[in-house]
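Notes for the structure review
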Amino acid sequence: MADTLKASPHGLELIDRARRRLGWNKTSPVWLDKANVSQATLNRFWKPTSIRRECFISICDAVGVDWQVIAEMPEIDPNALDAIPDLDCSGMRWVGREGAIATLLTQLKGDCRLVSVVGISGIGKTALAARLMVEPQLTQTLREQIAVNFDCESPSFAMVARSLLSETTAETEELQRDPALLVGSAITRLREKPCLLVLDMVEVLLEPDGEGGHRFKESIFEQFLTGFLRSNGMMSRIIITSQYQLPVLAEGRYLARSHQCRLSGLDPSNALKLFQKWEVSPRSEIEQQYLERAIAVYEGHPLALRAIAGEILAFPYHSNISLYWSEFGAEIEAVEKMKQAADPDGRDDQPKIDRYSLTLRDLVKKRIETTFERLYQAYPLAGILLCMGAVSRHPLERQGWLTLIFDSPEEDQQKAFDTLLRRFFLEPEIIGNQRLGYRLHSLIRCVALDYLPQLEEE
Ligand SMILES: Nc1ncnc2c1ncn2[C@@H]1O[C@H](COP(=O)(O)OP(=O)(O)O)[C@@H](O)[C@H]1O
Ligand SMILES: [Mg+2]
C-alpha cells in the first residue's frame, strides 16, 4: 500500500464543498483537532502535496468524505496493482458462447499461446476473458491467473511488468532504465511459471497505422508480444481483448501460435436466457416476440440489451414487457425499418455483425444515451451520481459512490445508488481484499462524461 497520498484536483473540490458545509475554514482548528494533524500537514494537503496516508485519511474522515474518492492514483506506485481491477465473473450471470469457448480452449491447450478477442464495446470481450479465467481445463495447468486492465489514465508496460514480476524487481532502477531487460524479465517469468495472463482493453494501447490497421503506440508492447511468441518452451498463455484487430506480430512468422476470435452478439436463444437471468421473463407469446425483436435489432449485443432490461425492471414498468413496449416499442420499430432499408433483400444468410458493425456501434451508443436521458429525467440525482462516478475509472465501494453526492440527504443518496444498481448501470466487482466495488462499463462511462458539462451547467 502507498505510504503517502495526495489529493486530486477533483478531490480537493469535494473536500472544499464538505468543509464549507460544516462552516469550517481551510485550516480550521476544529478540523486540525478532529483529524489530529498539524496545520503544516493540512496546508500540504491543500497544496496539494503528498502527506502520510493516515493523516490523509483522517483529514478526509473529519469532514465525512471517503478518502478513496479524494486521493489521486499515483503514477508509478508499486502497489498500483491493488488498483488494477481483477476481471471478475463471480457476479456475472453467464450464458452461451459455447462455440467460442470450445474453440479457444482447444487453441489454448494446443500450441496457440496468444488469443485475441476482438469486437465492439460492450459485446462481451471482458466477460469472455473472465469466463476463461475460471475454466478448469485451463486453471489445472495454468494455476495462476493474472489480469491487467488498461482502462486507466496512463496505461503502460510498467503495469504488465508489475503484475508479473515482484514489486521490488519491477521497480529496480536497472530494469526501469532498460526496456529490453524489462521485457526479457517479463518473458522469463512467463516461461518459468506458467500462468494465464489477460490483457484487457488493449485498444487503448493502439493507434491507426494509416493503412486501415493499427499499431502499438509504444513499441515495448510489440517487443513483449513478439518475444512471447518466439520464446522456446513457453507454457504460459495470453488472452487479449481489444476493439481493434492486433497488428501483425513477429512479421507473421508465428501464425500458428496466435489466434483471433471475432466476437459478435449473443445468439437469440442465449440472449433470451440472459433476459431471464435479469428477471425479465415474457408472460406471453407476444411478449417473447417483443424481446426477440429487441434482440434482433441489437444483434444480441449484451450491453444494449442490459440497458433495456434495466428499464423494463424499473418503475413504472416493473417487469411488464408489454407496458414497456407500448411506450418505447416504436424506438425498436424505427430501427427495424432502418435496417430493412439498408438491406432491402432481407438476406439473412450472412452474419450481420460485420456489415453493420458501424451501425451497430452507433445504435448501441444511442441506446445507452437514451437510457441515460430517461434515467436523468425520471431521477435526476441518479443521473448526477452516474456522471460524477464516471469521472473516476476506478471501481468505488458503495460508500464511495454515496460520498459523491454527500450534500444530498442520506436517504436520497441511497435511493440514487440503488437506482443505478437496479438499472444495471453499475457492475459489481471484487476489489482488493474481498471488498465489493462498483464500476461503470467504459461505454457507459464515456456517455455519462459527455453529459457531465450539461449537468454541471444545470
Ligand atoms: N456471455 C455472457 N453472459 C452473461 N453476460 C454477459 C455475457 N457477455 C457479456 N455479458 C455482460 O454484458 C456486459 C458487457 O460485456 P463486456 O464483457 O464488459 O463487454 P466488452 O468487454 O466487450 O466491452 C457486461 O455486463 C457483461 O457482464
Ligand atoms: Mg471490456
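The structure we're discussing is the one just above.
Note that the structure is a prediction, hence the values are computed from the model and not measured.

Criteria and cut-off values
- Residues numbered from 1 in each chain as written.
- Chains lettered and ligands numbered in written order.
- Predicted model: local features only at pLDDT ≥ 70, side-chain atom pairs only at ≥ 80, totals over all residues.
- Heavy atoms only, no water.
- Near = heavy atom within 4 Å.
- Areas by Shrake-Rupley, 256 points an atom, 1.4 Å probe, with all protein chains shown as cover.
- Helix = DSSP H or I, 4+ residues; strand = E, 2+ residues; numbered from the N terminus.
- Nonpolar A, V, L, I, M, F, W, Y, C, P; charged D, E, K, R; others polar.
- Domains from an automatic or database assignment.
- Phe/Tyr/Trp six-rings, centres within 6.5 Å; stacked < 30°, edge-to-face > 60°.
- Buried < 20%, exposed > 50% of the residue type's maximum accessible area, 1.4 Å probe, protein only.
- Lys NZ or Arg CZ within 6 Å of the ring centre and 35° of its normal.
- Axes fitted to C-alpha atoms, helices over the stretch in contact; angles between N-to-C directions.
- Left-handed = near helix turned anticlockwise from the far one by under 90°.
- Contact = heavy atoms within 4.5 Å.
- Core = buried A, V, L, I, M, F, W, Y, C linked by side-chain atoms within 4.5 Å.
- Salt bridge = Lys/Arg side-chain N within 4 Å of Asp/Glu carboxyl O.
- Expected span 1.5 Å × (residues − 1).
- Arc of directions from axis to C-beta.

As a matter of local geometry, ligand 1 sits amid 19 residues, with G122, T126, A127, R306 and H441 nearest to it. Within the complex, 92% of the 550 Å² of free accessible area of ligand 1 lies under protein. Elements that contribute at least two residues to the shell around ligand 1 include exactly α7 (125–133) and α16 (302–313). Its residues assigned to classes, the shell around ligand 1 shows nine nonpolar, five polar and five charged. When residues of the shell around ligand 1 are assigned to domains, at least three map to each of domain 2 (78–262) and domain 3 (268–340).

Applying the stated criterion to the full structure yields 18 aromatic pairs. Ring centres of F417 and Y438 lie 5.1 Å apart, and the angle between their planes is 80°; on these two criteria the pair is classed as edge-to-face. A residue pair is termed long-range when its members are at least 10 positions apart, and F417 in helix α21 (residues 410–422) and Y438 in strand β11 (residues 435–440) qualify at 21 residues. Taking the relative accessible area as the measure of exposure, Y438 reaches 10% and is therefore buried. These aromatic residues form a ring-pair network of at least three members: W24, W31, F45, W46 and F56. Lying across the ring of W46, K26 places its NZ or CZ 4.5 Å from the centre. Just above the ring of F328 sits the side chain of R374; from NZ or CZ to the centre is 3.5 Å.

Direction vectors running N to C along helix α14 (residues 268–277) and helix α15 (residues 285–297) enclose 115°, while the axes themselves pass 10 Å from each other. Judged by the sense of rotation from one axis to the other, the crossing of α14 with α15 is right-handed. Each of P268, A271, L272 and F275 in α14 lies in contact with α15, whose residues at this interface are Q288, L291, E292 and I295. Counted by class, the contact of α14 with α15 contains six nonpolar, one polar and one charged residues.

What follows is about unusual backbone geometry. The omega angle of the peptide bond from K47 to P48 is -5°, so this bond is cis rather than trans. As for its position among the elements, P48 is in the loop between α3 (39–46) and β2 (51–52). With an omega of 0°, the peptide bond between F315 and P316 qualifies as cis. Positionally, P316 belongs in the loop between α16 and α17 (321–342).

Among the nonpolar cores identified, the biggest contains 111 residues, and W31, F45 and W401 are the most heavily contacted of them. In this structure W31 touches I15, R19, W24, N25, K26, N36, L42, W46, I59, A62 and V63, once residues within four positions along its chain are discounted. Core analysis: the second largest hydrophobic core is formed by 34 residues, V183, L190, L197 and L249 among them.

Right, let's talk about the packing of helix α12 (residues 179–192) against helix α13 (residues 219–230) for a bit. Running from N to C, α12 and α13 point in directions that differ by 35°, and their axes come no closer than 10 Å. For the pair α12 and α13, the crossing hand works out as right-handed. Between α12, through P179, V183, A186, I187 and L190, and α13, the contact on the second element is made entirely by I220, Q223, F224, G227 and F228. Each residue belonging to the contact of α12 with α13 can be placed in one class, and the counts come to eight nonpolar, two polar and no charged.

Considering all chains together, one arrives at 22 salt bridges under this definition. E287 serves as the salt-bridge partner of R283, at 2.7 Å between the closest nitrogen and oxygen. The exposed category is assigned to R283, whose relative accessible area is 58%. Note that D450 is salt-bridged to K365, the shortest N-O span being 4.0 Å. Of this pair, D450 sits in helix α22 (residues 442–457) while K365 is found in helix α18 (residues 352–378), placing the two residues 85 residues apart along the sequence. In this structure, a network of salt bridges that share partners links the residues E311, E331, R367 and R374.

Helix length check: α21 (13 residues) gives 18 Å between terminal C-alpha atoms against 18 Å at 1.5 Å per residue, within 8%. Turning to α21, its buried residues number three or more, namely Q413, A416, F417, T419 and L420. The buried residues of α21 occupy an angular sector of 155° when the element is viewed end-on, so they sit on one face. In α21, the exposed positions that point more than 90 degrees away from the buried face belong to E410, E411 and R422. In the segment just after α21, F424 is the residue with positive phi, at about 65°.

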